[in-house]
There are 2 protein chains.
Amino acid sequence: MATDTAPPSTADDSDGSYIQPDVDVPALAAFLDGKYVEIRNLVRSNLVEHASILEEAETLSRDDYRERVKEIVLEMATTGQTGMGFPTELGGGGDIGASVAAFETLAFGDLSVLVKVGVQFGLFGGAILQLGTREHHEKYLPDTITGKLMGCFAMTETGHGSNVQALGTVATYDVATQEFVITTHGEAARKDYIGNAAKHAELAVVFAQLEVGGNSEGVHAFVVPIRENGKPADGVRIEDDGAKMGLNGVDNGRLWFDGVRVPREALLNRFADVSAAGVYESSIENPNKRFFTMLGTLVQGRVCVGGAGINAAKVALTIATRYAVRRRQFEASTDGQEELLLDYGMHQRRLFPLLARTYALHFAQEVVADQLHDVFSGATDDEQTRRELESRAAGTKALGTWHGTRTIQECREACGGAGYLSENRFAALKADTDVFTTFEGDNHVLLQLVAKGLLTDYSSEFQDMDQFGLVRFVAGLAVETVIERTHVHKLLERVKDLLPGGEEWDQEAGLLDPEYHLTMLRYREEHMLGAVARRLKRGIDNDMNPGEVFSRVQDHVIAAARAHVERLVLEAFIEKVRPLPDSDMKVALNLLADLHALCAIESDRAWFMEHGRLTTTRSKAISREINSLCRKIRPLAVDLVDAFGVPEEMLRAQDLIGD
Amino acid sequence: MATDTAPPSTADDSDGSYIQPDVDVPALAAFLDGKYVEIRNLVRSNLVEHASILEEAETLSRDDYRERVKEIVLEMATTGQTGMGFPTELGGGGDIGASVAAFETLAFGDLSVLVKVGVQFGLFGGAILQLGTREHHEKYLPDTITGKLMGCFAMTETGHGSNVQALGTVATYDVATQEFVITTHGEAARKDYIGNAAKHAELAVVFAQLEVGGNSEGVHAFVVPIRENGKPADGVRIEDDGAKMGLNGVDNGRLWFDGVRVPREALLNRFADVSAAGVYESSIENPNKRFFTMLGTLVQGRVCVGGAGINAAKVALTIATRYAVRRRQFEASTDGQEELLLDYGMHQRRLFPLLARTYALHFAQEVVADQLHDVFSGATDDEQTRRELESRAAGTKALGTWHGTRTIQECREACGGAGYLSENRFAALKADTDVFTTFEGDNHVLLQLVAKGLLTDYSSEFQDMDQFGLVRFVAGLAVETVIERTHVHKLLERVKDLLPGGEEWDQEAGLLDPEYHLTMLRYREEHMLGAVARRLKRGIDNDMNPGEVFSRVQDHVIAAARAHVERLVLEAFIEKVRPLPDSDMKVALNLLADLHALCAIESDRAWFMEHGRLTTTRSKAISREINSLCRKIRPLAVDLVDAFGVPEEMLRAQDLIGD
């Protein structure tokens, strides 16, 4: 079903066994949509119904654009699309996995709509659901789910982005009136970039340091009215964040609280409460553990943003691929016709590794969304599973959003000057997605969180550490018990065990053997982690300044975390494809999986050579194999992007891809 | 003069001889500004005077923004800033080097102003100056220089971006009326993305296929009135390109010509003319050579855009560095204070290689601007020098603009959510610079042009080939005479000669020896070029489809060109610093040069290992050395960005960098 001109035959690629598969696009699309095909299709049809927003985003004033986005969000809410994650008894859909699928699919369209949905139903509604108790649920959620009650999620402060534990807003319990008094202490403590705050939210879930009877109990969340009849509530100051690079359909704002009083019941008290008499009590003894338990319940936001980054990449790839089989440039042969862009090797090299990686991340995202569903549905809700989920969500979010940024940029450049016009999708895609790498956790900080989780696996001493635990760790916290020589040795033994058939195995395995791909990525992960542990220990042993030790090892920490997530992503791809019966679809997916895996190895081939896991001969062979895979994917490329199922109306770009 | 908190001492870096230099910021700034300090300072003060445009760009309607940009351009013209490149007798400044310096410096401010200046004075005025003769100069240039007469440069067509030789617009000579009749043939031939066309231009320099007496004479340029009293001229259809990702202060548009008649004198006839009787004559016999000679005179545009990309990167780096010595995040030590971002090793790794590369590209840009000045002032205007200039301009433009895109993105992410607000500079910087990698020649096409030039050095057979000559080349054009075995051998001998002291030299040289750095990059360049030549020849020998041969070798072609330009960039840096007397400034610049060189090797260390020029041990040592250099640069970083001399008013971003 390849619809474009087939490229010239590639004589020297024929290995005898390869027959070009015929891609059944609807079947592949169904495979990608998976069990949530129904909700995905509902979102697709909602997007198409409101497709005019793509144009309105350019033509309306900022105020009107915001109102229009709100309107659309409310209309989508009536279809049930946005309430999938809430319990059915409160008016929701009772299916967390479906709510993630719905959100991801929204990323095909205007991204202000997506983010507004995320703020209202994910962050605000999600915080009340996860941190509140029955009384809060019944009071707020039914109207939240319909959008009648709009709220915002006031966590981030100007001076405290990723370091939530250091927030400067304070909530002091006043036993005399049984109220909390909420105050912003200094400019660094103003709430900033808060979606829905500048215009539409009546309520805010405010994160503040709780003080009871002179004791500081750490960060807790409170429901605070910030706006009544369209005016800021008493003691609340609201400022508009103004124009942004993108997402201008979302009303981000700043909030200051000056002695704002809320009743004792405003505390979202699932994990901790304050009695009328002013006694603090919590089911979780350890304050760090309590903090991370509370924060951990909000992991859905990260899962959603990662998926959004991946799906935004699909839009860009669909446009760039379709353009490249339409646009000709320069005559290469002597037949008088210019060549199609996609027949150029360099163009294939620019787009296809990104295409393969998009498939890989799609399946990795499916795994983390399934885990989220299982944990929050109570199917598998032990502490270890939660920790794994949080780590995987952080890692997938970082890789998915970076991939979005990179893919959109490459696709824009691959569409030349036409890609620069707003009437095509790239302008909005690029501007709107840019902040994905920052919000819901800065990507670098998230990878540090992943690294902490990896070290934690070796010792439970780590698990109570704060999000930036490595820093505290090198400051001397239980160092000796954790990174003992024995642990490091154990680590290296594990690495050795990874190599079946002895040291030479990886030199002899087939380049297209998924076991080879996985073993390479596993080896790298284990080796990097061991090296980080050793370097941290050495620093401490040498009595270095702990901040300095961390600073010096930080790039290795991030690299180890990234290696871990890369391995998870590849594993997800391979495990998804392996069980498929032999079919043309399997052949096509294997081409993508092989391309993704070899590109992952190629892009870090220096490391593999440095660590004796790749000969220079084999390294060059991998690059050649990648080019060969690109040529095999060439005739399938349009089918492979069409299977993403981005509605035609979301592509716009008629100049680029035709009618 | 380091103004920020010094980082903790780095005990194990002390090699005994290193003493932290004290950077004299004004002296370093003067060194960077070089001989054009006066014009650069004029532009700086013009930018400050019109600083309100940075805000107006956000608040004005698109129409008003365009008018405002035009106003500013006209006001700047009165200061002489924009006319530096024109002869004094016509009202210009008579200094081409100064005109490039002025343009580059404009990149510190609003980039619509920059591009409008480029269109009016560089492209339109430049085409008349370079392709026209005295009559055209006297008729048009005095009013062009003041901006009283506005024009546009109508080369690009919707279906023909980089492949100018394939343009579809036709100019037919009508001997009866002694006129040219200009017509757009088909939608692919409409002129597109033409700056100044939608609103302000009265004239266009139109590139079209010249037909005389039934013969096609190739692409030539004509002065065509497109607008009279604000209305499109007869036979001219004008459409607005509408909203763009950025640069919305420039009125880009589309043009169609339907039998538009212009007098015989409208042909810009410096290189070719048509007599009244309809006889075509040219001083350049070979049509390809003629075409490239004409196009070559327009090289200044590329030199300017490359410089603009580099200078836009300076703005981003200044903001991100200042932010990173102000913003604290997470507590690493136990002193109760959070760490400054710039004290994190990862943050240094993100910013400092980009800082060093910005310095490197600054000096490389200085070299190409000097060459441009010398060639166009007639000081050194032989054909070989022109070819070198064109190749260097193409390469520096590609690397400079990619560097701009990458640096701005990294700096935005390094400033977190605050970087996303329009009140800071990143939103505009990112959106406005995005198209730099595409216009004035798509970067990949430009690198192919560089590669063609490199092969040309081996044989003059190449020099008449078209811009995409490699394609034609593999189609069989004089192959045997060019890439003979002997040539390839000669090439490899040259590579060998590069290594002083035999094969092992590169393993023993000091990591901070500039000769080592240069030899590594030279070796890579020569080796890659030889490999490309061999692969092309093999394809032809095997009777492969020429398009297919080129497609397969294309990534190597691009890599070879890039390697060549990287070598030129490093050479420019080293040659600039070497003659300096011993001083703190020299120490600081050498830190940057070493960092740049080692990062260049590190980022391609896999290739060096694959080709036996780097052991794994030495490769790891390079990475360690880079981290050590970053720590040495840390206390100097603010001074090093301040020396760029970006006016405070151009930084905005008070929330990021303070008042």
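All residue numbers here refer to positions counted from 1 along the written sequence of the relevant chain. As a convention, the first chain written is A and the first ligand written is 1, with the rest following in written order. pLDDT decides what is reported in this predicted model: residues at 70 or higher carry local features, side-chain atom pairs at 80 or more are listed and counted, and totals for whole chains, interfaces and linings draw on all residues regardless. The basis for every side-chain value is the complete set of non-hydrogen atoms in the structure, without hydrogens or water.

(A) Quick peek at the overall build of chain A. Segments assigned H or I by DSSP are reported as helices when at least four residues long, segments assigned E as strands when at least two residues long, and all are numbered from the N terminus. Of regular secondary structure, chain A possesses 25 helices and 13 strands. Burial analysis of chain A (659 residues in total) assigns 65% to the buried set. Counted over contacts in chain A with a minimum sequence separation of 6, partners at least 24 positions apart contribute 75%. Under the convention used here, a 1.4 Å probe and the Shrake-Rupley method define accessible areas, while residue burial counts only the protein chains that appear. As presented, chain A carries roughly 23,000 Å² of accessible surface, and 49% of it is formed by carbon and sulfur atoms. Type-normalised accessible area, obtained with a 1.4 Å probe on protein chains alone, sets the label of each residue: buried when under 20%, exposed when over 50%, and partly exposed for intermediate values. We call two residues contacting when some pair of their heavy atoms lies within 4.5 Å.

(B) Representation of the interface of chain B and chain A. Listed as interface residues are 87 residues of chain B and, on the opposing side, 87 residues of chain A. Together chain B and chain A conceal approximately 7,200 Å² of surface at their shared face, both sides included; 51% is due to carbon and sulfur atoms. In terms of surface lost to chain A, no three residues of chain B exceed Phe330(B), Tyr420(B) and Glu610(B), which account for 12% of the buried area on that side. Any carboxyl oxygen of Asp or Glu within 4 Å of a side-chain nitrogen of Lys or Arg constitutes a salt bridge here. Taken together, the connections running from chain B to chain A amount to 8 salt bridges. Polar contact is the term for a pair of N or O atoms within 3.5 Å; when the atoms are in protein, one must be able to donate a hydrogen and the other to accept it, and sequence-neighboring residues count only if both atoms are side-chain atoms. For the interface between chain B and chain A, the tally reads 48 residue pairs in polar contact (both at pLDDT 80 or more). Only α10 (345-376), α11 (383-414), α12 (426-433), α13 (443-456), α14 (469-474), α19 (546-577), α21 (605-610) and α22 (616-633) of chain B provide two or more residues apiece to the side of chain B that touches chain A. Sort the elements by how many residues they give to the side of chain B that touches chain A and α19(B) lands first, with 9 residues. In this count, Pro and Cys sit with the nonpolar residues alongside Ala, Val, Leu, Ile, Met, Phe, Trp and Tyr, while Asp, Glu, Lys and Arg are called charged and the others, Gly among them, polar. Partitioned by chemical class, the residues of the side of chain B that touches chain A number 28 nonpolar, 29 polar and 30 charged. When two components associate, each loses some accessible surface as probed by a 1.4 Å sphere; the sum of these losses over both components is called the buried area.

(C) Quick peek at the sheet that holds strand β4 (residues 191-194) of chain A. All names here are of chain A. Here a strand pair is declared whenever DSSP counts at least two bridges between the two strands. Within the open sheet, the 3 strands sit side by side as β4-β10-β9. Their pairing is antiparallel. The open sheet has two free edges, formed respectively by β4 and β9 (236-240), since each of these has just one partner strand. Between one strand axis and the next, the sheet turns by 20° as a mean value, whatever way the strands run. Bridge analysis of β9 against strand β10 (residues 253-257) gives 5 bridges, and the strand direction is antiparallel. Paired with Arg 237 across the bridge in β10 is Trp 256. For every element, the axis is a line fit to its C-alpha atoms; helices are fit only across the contacting stretch, and the angle between N-to-C directions ranges from 0 to 180 degrees.

(D) Fine view of the relation of the copies chain B and chain A. For this overlay, a least-squares fit was computed on C-alpha atoms, restricted to residues scoring pLDDT of at least 70 in both copies. When chain B is fitted onto chain A, the two copies agree to an RMSD of 0.0 Å after a turn of 180° and an axial shift of 0.0 Å. The relationship between the two copies is best expressed as a two-fold rotation axis. Rotation axis and chain B: the residue whose C-alpha lies nearest the axis is Ala606(B), separated from it by 2.1 Å. Interface overlap between copies: 100% of the residues of chain B at the interface are likewise at the interface in chain A, consistent with a symmetric, same-surface contact.

(E) Structural context of the side chain of Lys191(A). Residue and element names in this part refer to chain A. Topologically, Lys 191 is positioned in strand β4. Within the structure, the side chain of Lys 191 is placed 3.3 Å from the backbone oxygen of Ala 154, a separation counted as a polar contact. One polar contact links Lys 191 to Glu 157, side chain to side chain, over a distance of 3.0 Å.

(F) Local environment of the pairing of strand β6 (residues 215-225) of chain A. Residues and elements named next belong to chain A. Alignment of strand β5 (residues 203-212) against β6, held across 9 bridges, turns out to be antiparallel. Within β6, the residue paired with Val 206 across the bridge is Phe 222. Taken together, β5 and the strand that follows it, β6, pair antiparallel across an intervening segment of 2 residues, in which Gly 213 is found at a positive phi of about 55°.

(G) Quick look at the pairing of strand β10 (residues 253-257) of chain B. All names here are of chain B. In terms of burial, β10 is largely enclosed, as 5 of its 5 residues are buried. Of the two faces of β10, the one holding Gly 253, Leu 255 and Phe 257 and the one holding Arg 254 and Trp 256 are both buried throughout. Pairing geometry for strand β4 (residues 191-194) and β10, over 2 bridges, is antiparallel. Each residue of the ladder has a partner; that of Ile 194, found in β10, is Gly 253.

(H) Here's a closer look at the confidence of the model for chain A. Residue and element names in this part refer to chain A. Each residue carries a pLDDT score, the predictor's own confidence in it, on a scale running from 0 to 100. Looking at chain A, the pLDDT average stands at 89 and 88% of residues meet or exceed 70. Counting interchain partners and residues more than four positions distant, the pLDDT-below-50 stretch residues 458-469 has 41 contacts. Our summary of model confidence lists the complex with pTM equal to 0.92 and ipTM equal to 0.90.

(I) Focus on the sheet that holds β10(B). All names here are of chain B. Strand order in the open sheet made by the 3 strands is β4-β10-β9, with antiparallel pairing throughout. Of all strands in the sheet, those bounded by a partner on one side alone are β4 and β9 (236-240). In this sheet, neighbouring strand axes are inclined to one another by 20° on average, regardless of whether the strands run parallel or antiparallel.

(J) Fine view of the side chain of Gln409(A). Position of Gln409(A) among the secondary structure elements: in helix α11 (residues 383-414). On the basis of relative accessible area, Gln409(A) is assigned to the buried category, the value being 13%. At 3.0 Å, the side chain of Gln409(A) and the side chain of Asp434(B) are in polar contact. Apart from residues no more than four positions distant in its own chain, Gln409(A) is found in contact with Lys430(A), Thr405(B) and Asp434(B).

(K) Representation of the nonpolar core within the structure. The biggest cluster of nonpolar side chains holds 382 residues, and the ones touching the most others in it are Phe207(A), Leu355(A), Tyr359(A), Phe207(B), Leu355(B) and Tyr359(B). The contact partners of Phe207(A), leaving out residues within four places of it in the chain, are Leu131(A), Phe153(A), Ala154(A), Met155(A), Glu157(A), Leu167(A), Thr169(A), Lys191(A), Val219(A), His220(A), Ala221(A) and Leu298(A). We define the nonpolar core as a collection of buried residues of types Ala, Val, Leu, Ile, Met, Phe, Trp, Tyr and Cys that are connected through side-chain atoms lying within 4.5 Å of one another.

(L) A look at the pattern of salt bridges. Going through the model one piece at a time under the given rule, you end up with 74 salt bridges over all chains. Across the salt bridge formed by Arg261(A) and Glu179(A), the nearest N and O atoms sit 2.8 Å from each other. Pair noted here: Arg261(A) is in strand β11 (residues 260-263) and Glu179(A) is in strand β3 (residues 179-184), with a separation of 82 residues, a long-range link. With a relative accessible area of 21%, Glu179(A) lands in the partly exposed category. Glu515(B) is the salt-bridge partner of Arg578(B), the closest N and O atoms lying 3.4 Å from each other. Residue Arg578(B) is found in the loop between α19 and α20 (584-603), and its partner Glu515(B) is found in helix α18 (residues 514-541); the two are separated by 63 residues along the sequence. With relative accessibility at 44%, the residue Arg578(B) sits in the partly exposed group. Look at the salt bridges and you will find they share partners, linking Glu187(A), Arg190(A), Asp192(A), Arg237(A), Glu239(A), Asp241(A), Arg254(A) and Glu423(B) into a network.

(M) Spotlight on unusual backbone geometry. Residue and element names in this part refer to chain A. At Gln 178, a residue that is not glycine, the phi angle is positive and equals roughly 55°. Inspection of the secondary structure puts Gln 178 in the loop between β2 (169-174) and β3. One non-glycine residue with positive phi stands out, namely Tyr 193, at about 60°. Along the chain, the position of Tyr 193 falls in strand β4. For Tyr 193, a relative accessible area of 23% puts it in the partly exposed group.

(N) Seen up close, the environment of Ala560(A). Residues and elements named next belong to chain A. Its place among the elements puts Ala 560 in helix α19 (residues 546-577). Along the chain, Ala 560 and Gln 409 lie 151 residues apart, while their C-alpha atoms are 26 Å from each other. Apart from residues lying up to four places away in sequence, Ala 560 is in contact with Leu 454, Met 528, Leu 529 and Val 532.

(O) Quick peek at helix α9 (residues 300-324) of chain B. Taking 1.5 Å per residue, 25 residues should reach 36 Å; α9(B) reaches 36 Å between its end C-alpha atoms and fits that length. Within α9(B), 24 of the 25 residues are buried, which leaves the element mostly enclosed by the surrounding structure. Multiply 1.5 Å by the residue count of a helix minus one, and that product is the helix's expected span.

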